[in-house]
Amino acid sequence: MANAPALKFEQIPHPAPVPGATRDQAIADPGFGTVFTDHMISIDWDEGQGWHSARLCAREPILLDPAASVLHYAQEIFEGMKAYKRDDGSMALFRPEKNASRFNDSARRLAMPELPEDAFIEAVETVVKADRDWFPSVEGGSLYIRPFMFANEHFLGVRPAKKYKFLVILSPAGNYFKSGAPAVSIWVSSDYSRAAPGGTGAAKCGGNYAASLVPQAEAIAEGHDQVVFLDAVERKWIEELGGMNLFFVFDDGTMITPPLGGTILPGITRDSLLTLAREEGLTVREERYSLEQWRDDAKSGRLVETLACGTAAVVTPVGRVASRDGEFTIGSGGPGQLTTKLREKLVGIQRGTVEDTHGWVRRID
Ligand SMILES: *Cc1c(COP(=O)(O)O)cnc(C)c1O
């Protein structure tokens, strides 16, 4: 596909977009993931033509044959990113080339075709520009961007499909946490794993999320916000939450995060925090950390903060950890200093109030 001609996006504007007044009401307090914009991007792939029929069109239901392979064998991957409206009125994306390349990493793991990175970025920019009136008016709001791809060949044999669809939809999102970032309470799953060596843990695929729903529901039933998973082999090492990576901060100025190695999703927020924390003068290591050590260090006071991170909630303090063996509190149980500092720095870069010294921000218009 390297020399394939660049895709041309046909523009088929929505014939009857949501009226301005209705839209303004919907984006006044959109919450997360329930409000959607007028348009979407759609690109098709098949064996004969490769990527084709790229278009910006009305967001509408898609017709699927009941035998479409995604419905049976779950060949589906996705990305999650945000567009930000800045004080000067411009729009920006944060490290979108990272999402484009991770999308292709996921595609390879799920035996799906890769989408050229420039087509991925053009798709995202095209739909954000078309729906620029959908940015939430609330402080801290953004347009959440969901690119995804699924197999839609109708065939029940078990092999990689020969037809795929790539779509991008947008969802206006409020501030994930309305008043800053309250500390969350997390539940260690004793019975379930998110990912095993050789599995799909490093791919952003819907199947990983399907498998995390029962343990996540268990966490809620136990009175906690999120589930944290241990490694599947020794059931000892901390891996990550269902959809966020973890960092541990110590009183001697070191910070560690579990190493990538196939069972952890390589978060772009995680990668950015590794850089920002080093700039803050911390000694940062990618290193395994056990549940037992976590508990001991929290009790001794050596561990001062734990934070979870991901695109949706950015940086979230972890205040309490519970498992079948009991519970422990981290620091004061509230947001720690470094967590708050890193969050402000990252959000500032994304929104244009802190200088972008790494070339992470990509202006759209
Ligand atoms: C998407 C995701 C993350 C966070 O990745 P970001 O690129 O920082 O948004 C972490 N863990 C899992 C399992 C994820 O799916």
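Residue numbers restart at each chain and count upward from 1, following the sequence in its written direction. Reporting of local features is limited, given that this is a predicted model, to residues whose pLDDT is at least 70; pairs of side-chain atoms are given and counted only at 80 or more, and all residues count toward the totals for whole chains, interfaces and linings. The side-chain quantities take in all heavy atoms of the structure and omit both hydrogens and water.

**A word on the overall build of the protein chain**
Working step 1: Strands here are runs of E lasting at least two residues and helices are runs of H or I lasting at least four, both read from the DSSP assignment and numbered beginning at the N terminus. From N to C terminus, the protein chain includes eight helices and 18 strands.
Working step 2: Its C-alpha radius of gyration of 21 Å places the protein chain within 12% of the 21 Å reference for a compact globule of 365 residues.
Working step 3: With respect to the three principal axes, the spread of C-alpha positions in the protein chain is 60 × 50 × 40 Å.
Working step 4: Residues count as neighbours in contact if any of their non-hydrogen atoms are within 4.5 Å of one another. Sequence separation of at least 24 residues holds for 72% of the intrachain contacts in the protein chain that already meet a minimum separation of 6.
Working step 5: Each accessible area is a Shrake-Rupley estimate made with a 1.4 Å probe; only the visible protein chains count as cover when residues are assessed. When the accessible surface of the protein chain is summed, it comes to about 16100 Å², and 50% of that surface belongs to carbon and sulfur atoms.
Working step 6: Working convention for charge: Lys and Arg count positive, Asp and Glu count negative, and His plus the chain ends are omitted. Charge placement uses NZ in Lys and CZ in Arg. For Asp and Glu, CG and CD serve respectively. Put simply, the protein chain has 39 plus and 49 minus side-chain charges, and the middle of one group is 1 Å from the middle of the other. Our radius of gyration is a C-alpha quantity, and the globule rule it is checked against amounts to 2.2 Å times the number of residues to the power 0.38.

**Description of the packing of helix 6 (residues 268-279) against helix 8 (residues 337-351)**
Working step 1: Axis geometry follows a simple rule: fit a line to the C-alpha atoms, using only the stretch in contact for helices, then measure angles between N-to-C directions, giving values from 0 to 180 degrees. Running from N to C, helix 6 and helix 8 point in directions that differ by 115 degrees, and their axes come no closer than 10 Å. By the angle between their directions, the pair helix 6 and helix 8 is classed as roughly perpendicular. Crossing of helix 6 against helix 8: the hand is right-handed. Across the interface between the two elements, T269, S272, L273, L276, A277 and E279 of helix 6 pack against L342, K345, L346 and I349 of helix 8.
Working step 2: Here the term charged refers only to Asp, Glu, Lys and Arg, the term nonpolar to Ala, Val, Leu, Ile, Met, Phe, Trp, Tyr, Cys and Pro, and the term polar to all other amino acids, Gly among them. Grouping the amino acids of the contact of helix 6 with helix 8 by side-chain chemistry returns six nonpolar, two polar and two charged. To sort the angles, those under 35 degrees are grouped as roughly parallel, those over 145 as roughly antiparallel, those from 65 to 115 as roughly perpendicular, and the leftovers as oblique. Here is the rule for handedness: rotate from the far helix to the near one, and if that takes an anticlockwise turn smaller than a right angle the crossing is left-handed, while a clockwise turn gives right-handed.

**Description of the side chain of K204**
Working step 1: If you trace the backbone, K204 turns up in the loop between strand 9 (184-188) and helix 5 (206-221).
Working step 2: For each residue, the accessible area found with a 1.4 Å probe, counting protein chains only, is set against the maximum for its type, and the residue is called buried under 20%, exposed over 50%, and partly exposed in between. For salt bridges, the criterion is a side-chain nitrogen of Lys or Arg within 4 Å of an Asp or Glu carboxyl oxygen. In this structure, K204 is buried with no salt-bridge partner, the nearest side chain bearing the opposite charge being E79 at 5.7 Å.
Working step 3: Dropping the residues within four chain positions of it, K204 is found in contact with I77, F78, E79, G80, R102, S106, Y209 and L265.

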